[in-house]
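Inside the fold
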Amino acid sequence: MKKLFHLLLAVGLGLIVSMCSTTSPEEEQDYAEALLGNEKVTVDPVSMEQELLDLVNDHRASIGEVVLQDSPSSYKYAEEHNQYMISKNKLSHDNFDDRATQIAAETDAVSVSENVARYYSSAEVIMEAWLNSSSHREAMEGDFTHTTLSVQLDKDGRPYYTQIFLKVE
(Lines give C-alpha, C1' and ligand atoms only; values in the text may rest on other atoms or scores of the structure.)
Protein backbone atom coordinates (compact mmCIF):
# COMPACT_ATOMS: atom_id res chain seq x y z
CA MET A 1 0.00 0.00 0.00
CA LYS A 2 2.86 2.34 0.87
CA LYS A 3 4.56 1.67 -2.49
CA LEU A 4 1.31 2.45 -4.33
CA PHE A 5 0.98 5.75 -2.44
CA HIS A 6 4.54 6.75 -3.34
CA LEU A 7 4.00 5.80 -6.98
CA LEU A 8 0.80 7.87 -7.15
CA LEU A 9 2.55 10.77 -5.44
CA ALA A 10 5.44 10.65 -7.94
CA VAL A 11 3.06 10.52 -10.91
CA GLY A 12 1.02 13.40 -9.48
CA LEU A 13 4.06 15.58 -8.93
CA GLY A 14 5.26 14.77 -12.44
CA LEU A 15 1.96 16.02 -13.82
CA ILE A 16 2.11 19.16 -11.73
CA VAL A 17 5.57 20.21 -12.84
CA SER A 18 4.75 19.54 -16.47
CA MET A 19 1.91 22.08 -16.42
CA CYS A 20 4.07 25.24 -16.43
CA SER A 21 3.08 27.69 -19.12
CA THR A 22 6.16 27.89 -21.31
CA THR A 23 6.89 30.68 -23.68
CA SER A 24 8.90 30.65 -26.87
CA PRO A 25 11.93 32.99 -27.03
CA GLU A 26 10.07 35.18 -29.53
CA GLU A 27 7.02 35.49 -27.28
CA GLU A 28 9.26 36.09 -24.26
CA GLN A 29 10.94 39.02 -25.99
CA ASP A 30 7.58 40.50 -27.00
CA TYR A 31 6.32 40.40 -23.43
CA ALA A 32 9.59 41.29 -21.77
CA GLU A 33 9.57 44.68 -23.42
CA ALA A 34 5.88 45.48 -23.32
CA LEU A 35 6.66 49.16 -22.97
CA LEU A 36 9.78 49.55 -25.05
CA GLY A 37 11.74 52.43 -23.61
CA ASN A 38 10.29 51.69 -20.17
CA GLU A 39 8.22 54.84 -19.96
CA LYS A 40 7.17 55.75 -16.44
CA VAL A 41 3.68 54.43 -15.76
CA THR A 42 1.40 54.73 -12.78
CA VAL A 43 -0.14 51.46 -11.67
CA ASP A 44 -2.00 50.77 -8.43
CA PRO A 45 -1.00 47.15 -7.75
CA VAL A 46 -4.07 46.29 -5.66
CA SER A 47 -6.63 47.60 -8.14
CA MET A 48 -4.65 46.13 -11.05
CA GLU A 49 -4.74 42.69 -9.42
CA GLN A 50 -8.52 42.82 -9.12
CA GLU A 51 -9.05 44.29 -12.59
CA LEU A 52 -6.91 41.63 -14.27
CA LEU A 53 -8.49 38.80 -12.26
CA ASP A 54 -11.93 40.08 -13.30
CA LEU A 55 -10.88 40.15 -16.97
CA VAL A 56 -9.50 36.61 -16.80
CA ASN A 57 -12.70 35.34 -15.17
CA ASP A 58 -14.90 37.29 -17.63
CA HIS A 59 -12.98 35.69 -20.49
CA ARG A 60 -13.28 32.21 -18.99
CA ALA A 61 -17.02 32.67 -18.49
CA SER A 62 -17.40 33.87 -22.09
CA ILE A 63 -15.95 30.58 -23.40
CA GLY A 64 -17.88 28.37 -20.99
CA GLU A 65 -15.07 27.70 -18.51
CA VAL A 66 -15.57 27.87 -14.75
CA VAL A 67 -14.85 31.15 -13.01
CA LEU A 68 -11.71 30.76 -10.93
CA GLN A 69 -11.90 30.97 -7.16
CA ASP A 70 -9.31 32.90 -5.18
CA SER A 71 -6.44 30.93 -3.66
CA PRO A 72 -5.13 33.20 -0.87
CA SER A 73 -2.61 30.62 0.35
CA SER A 74 -0.87 30.70 -3.06
CA TYR A 75 -0.52 34.49 -3.14
CA LYS A 76 2.80 34.41 -1.29
CA TYR A 77 4.31 32.30 -4.10
CA ALA A 78 3.19 34.74 -6.79
CA GLU A 79 4.50 37.62 -4.68
CA GLU A 80 7.84 35.91 -4.06
CA HIS A 81 8.23 35.19 -7.77
CA ASN A 82 7.61 38.85 -8.62
CA GLN A 83 10.26 39.82 -6.06
CA TYR A 84 12.64 37.33 -7.67
CA MET A 85 12.02 38.68 -11.18
CA ILE A 86 12.45 42.25 -9.94
CA SER A 87 15.75 41.33 -8.24
CA LYS A 88 17.02 39.75 -11.48
CA ASN A 89 15.49 42.45 -13.70
CA LYS A 90 14.10 39.77 -16.00
CA LEU A 91 10.89 38.00 -16.88
CA SER A 92 11.07 34.29 -16.08
CA HIS A 93 9.47 31.07 -14.93
CA ASP A 94 12.62 30.24 -12.95
CA ASN A 95 12.03 27.83 -10.06
CA PHE A 96 8.50 27.01 -11.25
CA ASP A 97 8.84 23.32 -10.40
CA ASP A 98 9.67 24.13 -6.77
CA ARG A 99 6.84 26.68 -6.58
CA ALA A 100 4.32 24.26 -8.09
CA THR A 101 5.35 21.46 -5.75
CA GLN A 102 5.00 23.69 -2.67
CA ILE A 103 1.63 25.03 -3.82
CA ALA A 104 0.36 21.51 -4.55
CA ALA A 105 1.43 20.32 -1.12
CA GLU A 106 -0.36 23.19 0.62
CA THR A 107 -3.54 23.24 -1.48
CA ASP A 108 -3.94 19.63 -2.67
CA ALA A 109 -3.76 20.95 -6.25
CA VAL A 110 -3.44 18.29 -8.93
CA SER A 111 -2.07 20.74 -11.51
CA VAL A 112 -0.43 24.17 -11.41
CA SER A 113 0.48 26.65 -14.14
CA GLU A 114 1.46 30.31 -14.29
CA ASN A 115 1.59 33.36 -16.50
CA VAL A 116 4.04 36.21 -16.00
CA ALA A 117 4.42 39.67 -17.50
CA ARG A 118 6.13 42.95 -16.81
CA TYR A 119 5.89 46.64 -17.65
CA TYR A 120 2.26 46.56 -18.84
CA SER A 121 0.28 49.59 -17.72
CA SER A 122 -3.27 48.25 -18.16
CA ALA A 123 -5.10 45.02 -17.52
CA GLU A 124 -6.66 45.16 -20.99
CA VAL A 125 -3.26 45.23 -22.70
CA ILE A 126 -2.01 42.28 -20.62
CA MET A 127 -5.13 40.29 -21.47
CA GLU A 128 -4.68 41.02 -25.16
CA ALA A 129 -1.04 39.94 -25.03
CA TRP A 130 -1.81 36.76 -23.07
CA LEU A 131 -4.68 35.89 -25.43
CA ASN A 132 -2.36 36.35 -28.42
CA SER A 133 0.18 33.91 -26.94
CA SER A 134 -0.78 30.26 -27.29
CA SER A 135 0.95 29.19 -24.07
CA HIS A 136 -0.49 32.04 -21.99
CA ARG A 137 -3.96 31.50 -23.47
CA GLU A 138 -3.71 27.78 -22.67
CA ALA A 139 -3.00 28.56 -19.02
CA MET A 140 -5.84 31.11 -18.79
CA GLU A 141 -8.35 28.81 -20.46
CA GLY A 142 -7.10 25.61 -18.85
CA ASP A 143 -8.84 23.12 -16.62
CA PHE A 144 -8.28 25.05 -13.39
CA THR A 145 -10.46 25.88 -10.39
CA HIS A 146 -8.42 28.49 -8.50
CA THR A 147 -6.02 31.33 -9.14
CA THR A 148 -4.01 34.03 -7.48
CA LEU A 149 -2.34 37.10 -8.93
CA SER A 150 0.37 39.36 -7.58
CA VAL A 151 1.30 42.73 -9.05
CA GLN A 152 4.40 44.42 -7.67
CA LEU A 153 6.38 47.46 -8.69
CA ASP A 154 10.14 47.60 -9.10
CA LYS A 155 12.18 50.52 -7.73
CA ASP A 156 11.33 52.55 -10.83
CA GLY A 157 7.61 51.92 -10.43
CA ARG A 158 7.36 49.41 -13.30
CA PRO A 159 4.87 46.58 -12.68
CA TYR A 160 5.62 42.85 -12.63
CA TYR A 161 2.84 40.27 -12.78
CA THR A 162 2.64 36.62 -11.71
CA GLN A 163 -0.66 34.76 -12.02
CA ILE A 164 -0.82 31.20 -10.74
CA PHE A 165 -3.53 28.76 -11.84
CA LEU A 166 -4.46 25.65 -9.82
CA LYS A 167 -6.79 22.72 -10.18
CA VAL A 168 -8.02 21.56 -6.80
CA GLU A 169 -10.31 18.54 -6.72
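Anything mentioned here points back to the structure above.
Here the structure is a predicted model, which means the values were calculated and not measured.

**Remarks on a negative patch on the surface**
There is a patch of like negative charges on the surface, built from Glu51, Asp54, Asp58 and Glu124. At three residues, helix 3 (residues 45-62) tops the list of elements feeding residues into the negative patch. Tracing the sequence through the fold places aspartate 58 in helix 3. A residue is classified by how much of its surface remains accessible, and aspartate 58, at 52% relative accessible area, is exposed.

**A few points about the pattern of salt bridges**
Tallied over the full model, the rule gives ten salt bridges. Aspartate 143 is paired through a salt bridge with lysine 167; the nearest N and O atoms lie 2.6 Å apart. Of the two residues, aspartate 143 is situated in the loop between helix 7 (134-140) and strand 3 (146-153) and lysine 167 in strand 4 (residues 159-168); the sequence distance between them amounts to 24 residues. Glutamate 169 is paired through a salt bridge with lysine 167; the nearest N and O atoms lie 3.8 Å apart. Glutamate 169 sits in the exposed class, given a relative accessible area of 71%. Each of Asp154, Lys155, Asp156 and Arg158 takes part in one network of salt bridges that share partners.

**Thoughts on the nonpolar core**
Counting residues in each nonpolar core, the largest one holds 20 residues, and the members touching the most others are Leu52, Tyr161 and Phe165. Tallying contributions element by element places helix 6 (residues 123-131) first for this core, with five residues. Non-local contacts of phenylalanine 165, meaning those with residues more than four positions away in its chain, are made with Val56, Leu68, Ser111, Val112, Ser113, Glu114, Asn115, Ala139, Met140, Phe144, His146 and Thr147. If you look at the next biggest cluster of nonpolar residues, it comprises ten residues, including Tyr77, Ile103, Ala109 and Val112.

What counts and what doesn't
Throughout this document, residue positions are counted from 1 along each chain, in the order its sequence is written. Local features in this predicted model are restricted to residues whose pLDDT is 70 or higher, and side-chain atom pairs enter the listing and the counts only when it is 80 or higher, whereas totals over whole chains, interfaces and linings include all residues. Side-chain measures here rest on the full set of heavy atoms in the structure, leaving out hydrogens and waters. Residues enter a patch when their relative accessible area is above 30% and they make no salt bridge; the linking distance is 9 Å between like charges and 5 Å between nonpolar side chains (Val, Leu, Ile, Met, Phe, Trp, Tyr). Using a 1.4 Å probe, the Shrake-Rupley method yields the accessible areas, and only the shown protein chains count as cover for residues. In what follows, salt bridge is the name for a side-chain nitrogen of Lys or Arg lying within 4 Å of a carboxyl oxygen of Asp or Glu. Charge counting follows a simple rule: Lys and Arg are positive, Asp and Glu are negative, and His as well as the terminal groups are ignored. For this purpose, a charge sits on NZ of Lys, CZ of Arg, CG of Asp or CD of Glu. The way it works is that DSSP assigns letters per residue, a run of H or I at least four long becomes a helix, a run of E at least two long becomes a strand, and they are numbered from the N terminus. Note on classification: 1.4 Å probe, protein chains only; a residue is buried when its accessible area is under 20% of the maximum for its type, exposed when over 50%, partly exposed between these limits. Joining through side-chain atoms within 4.5 Å is the link that ties buried Ala, Val, Leu, Ile, Met, Phe, Trp, Tyr and Cys residues into a set, and such a set is a nonpolar core. Any two residues whose heavy atoms approach within 4.5 Å at even a single point are treated as in contact.

Without other data, these values stay purely geometric and don't point to any function.
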